[in-house]
Amino acid sequence: MADTKREIERKFEFTKASAARRGVPDLTGTAAIAAVSDQGTVDLDAVYYDTPDHRLAADGLTLRRRTGGGDAGWHLKLPVSPGVRDEIGAALSDTIPGSLAALLRSRVRGAGLEPQVRLLSSRKLSHLLDADGALLAELSTDTVRAERGEATAAWTEVEVELADGVDPQLLDAVEKAFRKAGLRVSDAPSKLARALTETDAATEAATEAEPGAEPASPPVADPGDGTAGAYVLSYLREQRDALITLDPAVRRGLPDSVHQMRVATRRLRSAFKTYRKVLDRAVTDPIGEELRWLAAELGVDRDQEVLLERIQTRLDELPRTLLLGPVRSRLRTWNNTRRSGSRRRALAVLDSARYLALLDSLDAVLDAPPLLKASGGRAERVLPKAVLRDYERLAGRVEDALAMEPGGERDLALHEARKAAKRARYAAEAATPALGKPAKRLAKAVKAVQTLLGDHQDSVVAREALRGLGVQAAAAGESAFTWGVLYAREEALAERRERELPDIWTKTSEPGLRATLG
């Protein structure tokens, strides 16, 4: 697979035929553009692939096989933000490269990818240069013909793509110059999106004429109807979509992607439990168990990453006089041993039939939700009861832990309280669109408890790891002094967090804070 290329671009179209005849204005003198260098014209032939129901297009992704130009091959474009996409390339071949197909597996699953649209483009290319002759951006004027079965469409569009490291404000200056010349920012985010839109009328007419064509899917519930079920389903869809969107990011090894994917699984699982009066647990509990499995599998690498970062931070805080022996090389060896094969394991999970079946189950429960009687009640009456039920569960665990003597059993109790805090926070966050500020305030208060308890639990885990590092160092004839110092510091931090907990909990347990939900 080729290196990923970050595209920052803006597409334009002519507003009138007269503007199209005049063509693209000379941008020399616009912002830092000192010269426009003509690079000639190339012919491009691109076939775009998607599922029959256009799942990639619906999420703003494009997969194409293109010949012509300087970058012939397969290109997968993943949206990052408006006007920004990551393009991942692979060498030209007759079949879809496995490296690209893997990045689409969470969306495609068993549907298959097939040619959907062919775009034939004649591209006039220019380079926008600064005063030193450095490339600022590429300016392309494309005359496009789209072919989709018997339907065709044609148009001309203009695209400006920034070179690496160029300030995106250049696009604003170009847009201002273009507006004066009769061009506006295109409504279509990509050529494929425009091709689908402009050929849809003919394609849909042909589909409707086919005998046995399946009817359109029924509309899904919208939070606008004010029911508890609508709000819960909307939240679950957000988390399901996050899970699917984060899949390729995890495969690419993007920062924080594993953590965010685990968060989505936890939010889904928590919502199934919290809102058990809204959705039938006989249906959702098995899915929840599969979500637990996925989070655990993904956590093998993530937990080690967090632990390593914590220990490295603690080492950086120590004076050099307390760093005895090859502590950093010992830490690297320990980390490499523990992480060996963990990424391969995570990718194997994402490629497994079990994982894809989980995604299908989530789709099924959202397409035909097992709603209970409470789902039809007003959200402002049903959701507070569910949130407060989780809060009371948290209160019981915190109070039980605080009543214990310091030690291993108390550590376990505080860990259970941390998990309860996370669930109560997720419950309040899920209810915030319906309940507003009261739920948001409760979520913020509970998050403070979760953060404190999380730091305490991370210290418990770190102490166990530091003890192991000390044992390894001693066995290798190295000084174990530094690992002992770090152990003592973590122990002191955990004790400090335990002393802070009653004050933090008092703020969370204010009666007025909970009363506002009712």
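Since this is a predicted model, take the numbers as computed values, not measurements.

Conventions adopted
Starting afresh in each chain, residues are numbered from 1 along the sequence in its written order. In keeping with the model being predicted, local features are shown solely for residues with a pLDDT of at least 70 and side-chain atom pairs are shown and tallied solely at 80 or more, while totals for entire chains, interfaces and linings include all residues. Hydrogens and water are ignored here; the side-chain numbers use all heavy atoms of the structure. Note on terminology: a nonpolar core comprises buried Ala, Val, Leu, Ile, Met, Phe, Trp, Tyr and Cys residues joined through side-chain atoms within 4.5 Å. Note on exposure labels: buried denotes an accessible area under 20% of the residue type's maximum, exposed denotes more than 50%, and partly exposed covers the range between, all computed with a 1.4 Å probe on protein chains only. Starting at the N terminus, helices and strands are each numbered in turn, a helix being any DSSP run of H or I of at least four residues and a strand any DSSP run of E of at least two. Throughout, a contact is declared for two residues whenever any of their heavy atoms are within 4.5 Å. Each axis is a line fitted through C-alpha atoms, taken for helices only over the stretch in contact, and angles between the N-to-C directions span 0 to 180 degrees. Angle categories are assigned with fixed cut-offs, so that under 35 degrees is roughly parallel, over 145 is roughly antiparallel, 65 to 115 is roughly perpendicular, and the rest are oblique. In this classification, the charged set is Asp, Glu, Lys and Arg, the nonpolar set is Ala, Val, Leu, Ile, Met, Phe, Trp, Tyr, Cys and Pro, and all remaining amino acids, among them Gly, are polar. Throughout this description, the term salt bridge denotes a Lys or Arg side-chain nitrogen within 4 Å of a carboxyl oxygen of Asp or Glu. Less than a right angle of anticlockwise turn of the near helix away from the far helix marks a crossing as left-handed, whereas a clockwise turn marks it as right-handed. At least two bridges found by DSSP between two strands is the condition for calling them paired. Expected helix span is taken as 1.5 Å per residue step, with the number of steps being one fewer than the number of residues. In this analysis, rings of Phe, Tyr and Trp, with Trp reduced to its six-membered ring, are considered paired at centre separations within 6.5 Å, and the interplanar angle assigns stacked below 30 degrees, edge-to-face beyond 60, and tilted for intermediate values. The criterion is that NZ of a Lys, or CZ of an Arg, lies within 6 Å of the ring centre and within 35 degrees of the ring normal, and then a charge sits over that ring.

Let us now look at the nonpolar core. Membership of the largest hydrophobic core comes to 66 residues, with the highest contact counts inside it found for Leu236, Tyr275 and Leu383. Element by element, the count of residues in this core is highest for helix H14 (residues 408-435), at twelve residues. In contact with Leu383, other than residues within four places in its own chain, are Ala228, Tyr231, Val232, Tyr275, Ala431, Ala434 and Leu435. With 20 residues, the next largest nonpolar core counts Ala19, Ile33, Val174 and Leu183 among its residues.

Where helix H9 (residues 281-317) contacts helix H15 (residues 437-475), the two axes come as close as 10 Å, and the packing angle between them is 80°. Here H9 is positioned roughly perpendicular relative to H15, judged by the angle of their axes. From H9, Leu307, Arg310 and Ile311 reach across to H15, where they touch Asp455, Asp458, Ser459, Val461, Ala462, Ala465, Leu466 and Leu469. Residue composition of the contact of H9 with H15, by class: seven nonpolar, one polar and three charged.

Moving on, we get to the environment of Tyr275. With respect to the element layout, Tyr275 can be found in the loop between helix H8 (257-274) and H9. Considered as a pair, Tyr275 and Val24 are 251 residues apart in the sequence and their alpha carbons are 57 Å apart. The contacts of Tyr275, once residues within four sequence positions are left out, are Val232, Leu383, Ala386, Val387, Ala427, Ala430 and Ala431.

On to the pattern of salt bridges. Here the structure, examined in full by the defined rule, presents 56 salt bridges. Close ionic contact of Asp94 with Arg65 constitutes a salt bridge, the shortest N to O distance being 3.7 Å. Separated by 29 residues along the polypeptide, Asp94 in the loop between strand S5 (84-90) and helix H3 (98-103) and Arg65 in strand S3 (residues 62-67) bring together distant segments of the chain. Of the charged contacts in the structure, one is a salt bridge between Arg109 and Asp360, with a shortest N-O distance of 2.8 Å. Of this pair, Arg109 sits in the loop between helix H4 (105-108) and strand S6 (114-129) while Asp360 is found in helix H12 (residues 353-367), placing the two residues 251 residues apart along the sequence. Residue Arg109 is classed as buried on the basis of its relative accessible area of 17%.

What follows is about the environment of Ala31. Position of Ala31 relative to the elements: it lies in the loop between helix H1 (17-22) and strand S2 (35-50). Taking the C-alpha atoms as reference, Ala31 lies 61 Å from Arg397; in sequence the two are 366 residues apart. With residues up to four places along the chain from it excluded, the contact list for Ala31 reads Leu170 and Ala173.

Let us look at the packing of helix H13 (residues 379-402) against H14. Packing of H13 against H14 leaves a shortest axis separation of 8 Å and a crossing angle of 165°. The orientation of H13 relative to H14 falls into the category roughly antiparallel. Of the two elements, H13 crosses H14, and the hand of that crossing is left-handed. A per-class count over the contact of H13 with H14 returns 20 nonpolar, no polar and seven charged.

Moving on, we get to the pairing of S2. Bridge count between S2 and S6: 14 bridges; the pairing is antiparallel. Across the sheet, the residue bridging to Tyr48 is Val117, located in S6. Pairing between S2 and S3: five bridges, direction antiparallel. Within S3, the residue paired with Asp45 across the bridge is Thr67.

Our next topic: H15. Along its 39 residues, H15 runs 56 Å from first to last C-alpha, staying within 8% of the 57 Å computed at 1.5 Å per residue. With its phi angle positive at about 80°, Gly477 sits one or two positions after the end of H15.

Under the definition given, this model contains three aromatic pairs. Seen in terms of ring centroids, Tyr391 and Trp505 are 5.6 Å apart; in terms of plane orientation they differ by 10°. Their pairing is stacked. Within this pair, whereas Tyr391 is found in helix H13, its partner Trp505 is found in helix H16 (residues 481-508), the two being separated by 114 residues in sequence. Each of the two residues, Tyr391 as well as Trp505, counts as buried. Just above the ring of Trp293 sits the side chain of Arg354; from NZ or CZ to the centre is 4.2 Å.

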